[in-house]
Structures are given as C-alpha cells and as structure tokens.
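Structural description and commentary
Take a look at the letters that make up each chain.
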Amino acid sequence: MGFLSTTAIKWNGTFCVFILVLMYIRHTLIPNDEQKLEYRNKIARLKGFEDAFELVKSAISITFKMHRAGLSLILQVMPNNLGAYHILGSNVIVVNRYVLYVIKNLSKSTEEYNSYLFMVLAHEYLHSFGIMDENVVRQMTYNLCMSLLGESHAATLMAKEDPSSLFPQLKMLPQSKFEREYEIVKDFDKKNQSYIS
Ligand SMILES: [Zn+2]
C-alpha cells in the first residue's frame, strides 16, 4: 500500500509537471487573444512595403525562428494569375503591381489591402529561405496567419485559398502580360542593409 501511494504521488507529480510544461509552451508559443488583437492592429496600421516587411520578418522570426537579411522588392506588371514570385537563389521578391493595384481598389478598407500585402510578402519571404515546395510554403503561410491573426482574418482567408476568395473579381480581370518596366522599391529592407554595412 505504502509503495502504491508513493508511485501514485510520483505519477501525479510527473503529470503536473507535464501539464505545466504544456501550459508554458502554449503561453509562450501560441499567441493569446490579446496578442492576436495586437497583430491585427499592426496589420491595419501598416504604412507601406517597408513597414509590412518588417512585420513579416518579426512574425516569421517569432513563429518559425527563421531570419534572413538583405532582400529587395521589385514591382512589375505580370500575368494576373501570378501574385508574386521569388527568384530562387536571389535576394529579390517580385510582386505583381497590377494585382496589387486591383486589390487596393477592391479593398473595403486599408486593413484588407494590408492583409494581402502581409500575406504575399510572407509567402515570398518563406520561399527566399530556399523552400521550393509550393504546398509547404502555402501551409506555412496559412499557419502563420492563423496563429497570429485568427481564422477569420482577411490574411488567413487569402492564405487558405487565394486572394480571389476575398476578391472574386480577380478571376474576371482582362489578362495582363509581363511588362518590361519595373520599379525597385527604395528602402524595402533598410534596417538589415544598414546592419550589414
Ligand atoms: Zn509560392
């Protein structure tokens, strides 16, 4: 009897430690509702590409412990089924300026447009770590938006399907082509560049 109760106490102790560890992991890794609200507010208040990319980098650093420096952003008109792409092995992210323009006009709020910007930059930033598998990157982008912003957020909805789930008009656009002209966004990854130099 004495032996049994000692074992039971030991097991109870182990179980309590296990529960405490789980609670600690949940507390530190999974954002609570307050932190989610904070992220949603940050998205709503983003001011341009540089700001959006700073948030993407910190979100991916917190969620996946991944960080890299010195990326450039190029805006170019491309076929409208292509939101953006990353040139493999390079430090360049190219975003479709036409789709960006259309989404800006279709968005009911700055928050919706910013959500697209956050989602698309997060997707291409993840590719820039050498992750080539489209399904893996899509799943990671979805997990990121889901954990930081919640299931019903515009960025999560677009990451789950694609931007046309929020903006069905995108499917009815006249087909665009790659244009020769492009724009390099100044100071896109400024903080890292000054850090390197
Ligand atoms: Zn991709």
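Residues numbered from 1 in each chain as written. Predicted model: local features only at pLDDT ≥ 70, side-chain atom pairs only at ≥ 80, totals over all residues.

Description of the overall build of the protein
Along the protein, the regular secondary structure elements total eight helices and four strands. Here the protein holds 197 residues, and 28% of them are scored as buried. Summarising the internal contacts of the protein: among those between residues at least 6 apart in sequence, 63% fall at separations of at least 24. (Helix = DSSP H or I, 4+ residues; strand = E, 2+ residues; numbered from the N terminus. Buried ≥ 20, exposed ≤ 12 C-beta atoms within 10 Å, placed from the backbone. Contact = placed C-beta atoms within 7 Å.)

What about helix α6 (residues 134-149)?
The terminal C-alpha atoms of α6 lie 22 Å apart, and with 16 residues this matches the ideal 22 Å at 1.5 Å per residue to within 8%. Among the residues of α6, M140, T141, Y142, L144, C145, L148 and L149 are the ones counted as buried. Backbone geometry just downstream of α6 places G150 in the positive-phi region, at approximately 95°. (Expected span 1.5 Å × (residues − 1).)

Remarks on the pairing of strand β1 (residues 72-76)
Along β1, the buried face is formed by L73 and L75; none of S72, I74 and Q76, which line the opposite face, is buried. Taken together, the five bridges between β1 and strand β3 (residues 92-96) define a ladder with parallel strand orientation. Residue pairing in the sheet places Q76 in a bridge with N96 of β3. Where β1 lies against strand β4 (residues 182-184), three bridges are found, and the strand directions are antiparallel. By the bridge assignment, Q76 is partnered in β4 with Y182. (Pairing = 2+ DSSP bridges.)

Structural notes on unusual backbone geometry
The backbone phi angle of K65 is positive, close to 55°, even though this residue is not glycine. Following the sequence through the fold, K65 ends up in the loop between α3 (48-64) and β1. Residue classification places K65 among the exposed residues on the basis of 7 C-beta atoms within 10 Å. A positive phi angle, near 60°, is found at D187, a position not held by glycine. Looking at the secondary structure, you find D187 in the loop between β4 and α8 (190-196).

With respect to the pairing of β3
Pairing geometry for strand β2 (residues 84-86) and β3, over three bridges, is antiparallel. Bridging from a neighbouring strand, Y85 pairs with V94 of β3. Taking the residues between adjacent antiparallel strands as the criterion, β2 and β3 are bridged by five residues, where G89 takes a positive phi near 80°.

Quick look at the sheet that holds β4
By definition, the strands of a sheet pair up through backbone hydrogen bonds, in either a parallel or an antiparallel sense. Read from one edge to the other, the open sheet built from four strands follows the order β2-β3-β1-β4, with strand pairing classed as mixed. Unpaired on one side and paired on the other, β2 and β4 mark the two borders of the sheet. The sheet shows a mean angle of 20° between the axes of neighbouring strands, direction not considered. Each of β1 and β3 is contacted by helix α4 (residues 97-106), which is oriented at about 50° to β3, the strand it contacts most. (Axes fitted to C-alpha atoms, helices over the stretch in contact; angles between N-to-C directions.)

Points about α3
The first and last C-alpha atoms of α3 sit 24 Å apart over 17 residues, in line with the 24 Å expected at 1.5 Å per residue. Among the structural elements, α2 (33-44), β1, α5 (110-127) and α6 are those in contact with the buried residues of α3.

Re the packing of α5 against α6
Relative to each other, α5 and α6 sit at 130°, their axes nearing to 9 Å. Viewed along their axes, α5 and α6 adopt a mutual orientation that is oblique. Of the two possible hands of crossing, α5 and α6 adopt the one that is right-handed. Across the interface between the two elements, M119, A122, H123, L126 and H127 of α5 pack against V137, M140, T141, L144 and C145 of α6. (Parallel < 35°, antiparallel > 145°, perpendicular 65-115°, else oblique. Left-handed = near helix turned anticlockwise from the far one by under 90°.)

Geometric descriptors of this kind do not, in isolation, establish any biological role.
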